[in-house]
Amino acid sequence: MSKVIETEAGLMLVEWDVPIEMDDGMVLRGDVFRPMSDEPCPVLLSYGPYGKGLPFQEGYETAWERLVSQHPEVADGSSNRFQSWEVADPERWVPHGYACVRVDSRGAGRSPGQIDHFSPREIRDLYMCIEWAGTTLWSNGKVGLSGISYYAAVQWQVAALRPPHLAAICPWEGFNDMYREATHHGGILSTFTRGWARMQVQTVQYGNGRGLMSTINGLSVTGDEVLDAKSLRGNRIDFGAAHLEHAFDDEYYAERRPDLARIEVPVLSAGNWGGAGLHLRGNIEGFLDSGSSQKWLEIHGLEHWTEYYTDYGRALQQEFFDHFLKGEDNGWDQRPPVMLKVRQVDGSFDQRTAEAWPLPGTAWTDLFLNAASGALVEDAGAAGSVSYDELGDGVTFYLPESDEAVEVIGPLSLKLFVSSTTDDADLFAVLRIIGPDGEEITFPGALDPHSPPAQGWLRASHRELDPERSLPYRPYHPHQRRQPLEPEEVYEVDIEIWPTCIVLPPGYRMALTIQGHDYEYGGAPAQLSNLAVELRGSGPLLHDDPIDRPVYDKGNPAPAAKITVHTGGDTPSRLLVPFLRG
């Protein structure tokens, strides 16, 4: 059904539940928002599982309240009636001559079928939606992909398939290597995906019959059919169970990992400094490895949904899409390839551009861990060691205070020499900032309001490196097999620490904590309505599965390991840091 709607910016033609037939006969449903003009227009398309008819304000109440209270411009100039989670607001785009198309992915919202996230079938569906949108009478034949997180991750996948009518992509904080960037950090299982699927997808699965009616269009968010519990279970692949079953980087992940070199369309890849564990690495790796000759990297901070909706983020996206979907000569192609919002300790940001990533002029510096002094120093020093219990506070090494401002921008890597009392060791590396008063400084992360500036992880039995893909500042582990440790024997391991960005004024110092569990902020936890766990510093990106990590099995507790870090002498544990010197 279609309807003409009057908005603050003028009239908008809306078509609800447009049928889009797939090559296997399944019919997906999309909503189309477009100008009243008969002039063909470019298309911004999003495809995902969150229910196209569920308003942002209703499905993600606390996130919306935080967004508009801290950034009131998001709510200005739009009724926000058609605002949905992590996709473009049509009231912002249709007046500028765009059609916005939202498609419920197979098995979700009002689209029937089986949910199988990021599978070849799902990406084939997206391919066909792009081609449908690019060949309608009201389209100018150019389709751009827009959206955050899930809506971003699928962009990398489908762009590698080269749909003829795909003209540009803007993956906003979305991974492209599911194993390393979402499900197994350093080989350690993240429990995020099972809670995410239960809280954010199953609640809007097609046919769940929970009676949720859309205030956007008056239709049932989850379709007109009501399915029983057994049918619902049969219509979704258990995402969390699949990741537990596939503990290594096997064919399951391979068929969900795009060949980035095949991407030819222009790319604006937007990452988040606070996105450790989900919303950063993929944007950087996608920028570096995509085959496009026209690609840009932008990195910002704050919550992972915020800058997509602010005046800053919308202006950036519009300039990009205007250039590549409308053909406007607006100077976008003259922009430097790297655009950064450089993070300060007070939570503010300064704008900076660069010609490459990592940044030209980076002074790569080895800081050696000193067990005797607990310091990060520039000389390896004499041999020493320090031990910690797996679930204890770990060990921390401090960089001395500087009487000058210190900038750290880029990826880091940590080489450790470790031993364990068991046949493995889960290593969690946390970069921290300490203020002049000795108190820790945290930052708004993509999912947690009190995040450290950088984190890295490695299961020591996954220590094997791929020499062809590893870089000094970005070790690459194939994660193909387990190599258990001999208790008390010393092993050399390399840990990838996701990129960071921080400017430290005089009197502030950097610290590195190595521990056997997720980082936790010392203050009171926060909560978001769409997440099942309290936010204690690492958001919902936790590594506490009792099967993957038996030490968390309270019914049958495994002995916690005692882990020893060896430093200096023949075991020069060290942190490689990307300093920017003025």
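Note that the structure is predicted; figures quoted are calculated from it, not measured. (Residues numbered from 1 in each chain as written. Predicted model: local features only at pLDDT ≥ 70, side-chain atom pairs only at ≥ 80, totals over all residues. Heavy atoms only, no water.)

A look at the overall build of the chain
1) Next: A tally of helices and strands in the chain yields 13 helices and 25 strands.
2) Next: Its C-alpha radius of gyration of 24 Å places the chain within 12% of the 25 Å reference for a compact globule of 582 residues.
3) Next: By its C-alpha atoms, the chain is 75 × 55 × 45 Å across when sized along the principal axes.
4) Next: With 582 residues in all, the chain has 61% of them scored as buried.
5) Next: The contacts in the chain between residues at least 6 apart in sequence include a share of 74% that link residues at least 24 apart.
6) Next: As displayed, the chain has an accessible area near 21,200 Å², and 48% of this comes from carbon and sulfur atoms.
7) Next: Between the averaged position of the 47 positive side-chain charges in the chain and that of its 85 negative side-chain charges there is a distance of 4 Å. (Helix = DSSP H or I, 4+ residues; strand = E, 2+ residues; numbered from the N terminus. Rg over C-alpha atoms; globule rule 2.2 N^0.38 Å. Buried < 20%, exposed > 50% of the residue type's maximum accessible area, 1.4 Å probe, protein only. Contact = heavy atoms within 4.5 Å. Areas by Shrake-Rupley, 256 points an atom, 1.4 Å probe, with all protein chains shown as cover. Lys, Arg positive; Asp, Glu negative; His and termini not counted. Charge placed at Lys NZ, Arg CZ, Asp CG, Glu CD.)

Here we look at the pattern of salt bridges
When charged atoms on two side chains of opposite charge get close, those side chains can pair.
1) Next: Summed over the entire model, instances satisfying the criterion amount to 38 salt bridges.
2) Next: Linking Arg 106 and Asp 125 is a salt bridge whose minimum nitrogen-to-oxygen distance equals 2.8 Å. One end of the pair, Arg 106, is in the loop between β5 (99–104) and α4 (120–134); the other, Asp 125, is in helix α4, and 19 residues separate them in sequence. There is no split in this pair, since Arg 106 and Asp 125 are both buried. (Salt bridge = Lys/Arg side-chain N within 4 Å of Asp/Glu carboxyl O.)

Considerations on the nonpolar core
1) Next: Core analysis: the biggest nonpolar cluster contains 98 residues, and Leu 45, Phe 56, Trp 305, Phe 320 and Phe 321 have the highest contact counts within it.
2) Next: In this view, Phe 320 contacts Ala 168, Ile 169, Cys 170, Pro 266, Val 267, Leu 268, Trp 296 and Trp 332; residues no more than four positions away in its chain are not counted.
3) Next: Leu 414, Ala 425, Ile 441 and Ile 495 belong to the second-largest nonpolar core, a separate cluster that totals 40 residues. (Core = buried A, V, L, I, M, F, W, Y, C linked by side-chain atoms within 4.5 Å.)

What about the sheet that holds strand β13 (residues 349–354)?
1) Next: The strand order across the open sheet formed by 11 strands is β1-β2-β3-β5-β4-β6-β7-β10-β11-β12-β13, and the pairing between neighbours is mixed. Both edges of this open sheet fall to β1 (2–7) and β13, since each of them pairs with a single strand only. Strand-to-strand twist in this sheet, taken as the mean axis angle between neighbours without regard to direction, amounts to 20°.
2) Next: In this structure, strand β10 (residues 267–272) lies alongside strand β11 (residues 295–300), joined through 6 bridges in parallel fashion. Pairing of Asn 272 across the sheet is with His 300, part of β11.
3) Next: Here α4 sits on the sheet in contact with β2 (10–21), β3 (27–34), β4 (41–48), β5, β6 (139–148) and β7 (166–172), set at roughly 160° to β4.
4) Next: Packed onto the sheet, helix α13 (residues 311–325) meets β4, β6, β7, β10, β11, β12 (338–343) and β13 and runs at close to 165° relative to β7. (Pairing = 2+ DSSP bridges. Axes fitted to C-alpha atoms, helices over the stretch in contact; angles between N-to-C directions.)

Quick look at the side chain of Thr 362
1) Next: Within the element layout of this structure, Thr 362 appears in strand β14 (residues 362–370).
2) Next: Here the side chain of Thr 362 touches Leu 359 through a polar contact of 2.6 Å, landing on its backbone oxygen.
3) Next: With sequence-adjacent residues up to four places away left out, Thr 362 is seen in contact with Pro 578, Phe 579 and Leu 580. (Polar contact = N/O pair within 3.5 Å; in protein donor to acceptor, adjacent residues only side chain to side chain.)

Brief notes about the side chain of Ser 78
1) Next: For Ser 78, the position within the fold is in the loop between α2 (61–70) and α3 (90–93).
2) Next: The class for Ser 78 is buried, based on a relative accessible area of 5%.
3) Next: Side chain to side chain, Ser 78 and Asp 89 meet in a polar contact 2.7 Å long.
4) Next: When near neighbours in sequence (up to four residues on either side) are disregarded, Ser 78 contacts Glu 8, Asp 89, Glu 91 and Arg 92.

Some details on α13
1) Next: Here α13 is 15 residues long and its end C-alpha atoms lie 20 Å apart, about the 21 Å a rise of 1.5 Å per residue gives.
2) Next: Taken together, the buried positions of α13 are occupied by Gly 313, Arg 314, Leu 316, Gln 317, Phe 320, Phe 321, Asp 322, His 323, Phe 324 and Leu 325.
3) Next: Where α13 ends, the next residue or the one after it, Gly 327, has phi of about 80°, a positive value. (Expected span 1.5 Å × (residues − 1).)

A look at unusual backbone geometry
1) Next: Put simply, Trp 357 and Pro 358 share a cis peptide bond, and its omega is -10°.
2) Next: Locating Pro 358 in the fold gives a position in the loop between β13 and β14.
3) Next: In this model, Ser 149 sits at a positive phi of 60°, which is unusual for a non-glycine residue.
4) Next: With respect to the secondary-structure elements, Ser 149 resides in the loop between β6 and α5 (150–159).
5) Next: Under the relative-accessibility criterion, Ser 149 is labelled buried at 12%.

Nothing here speaks to function; it is geometry throughout.
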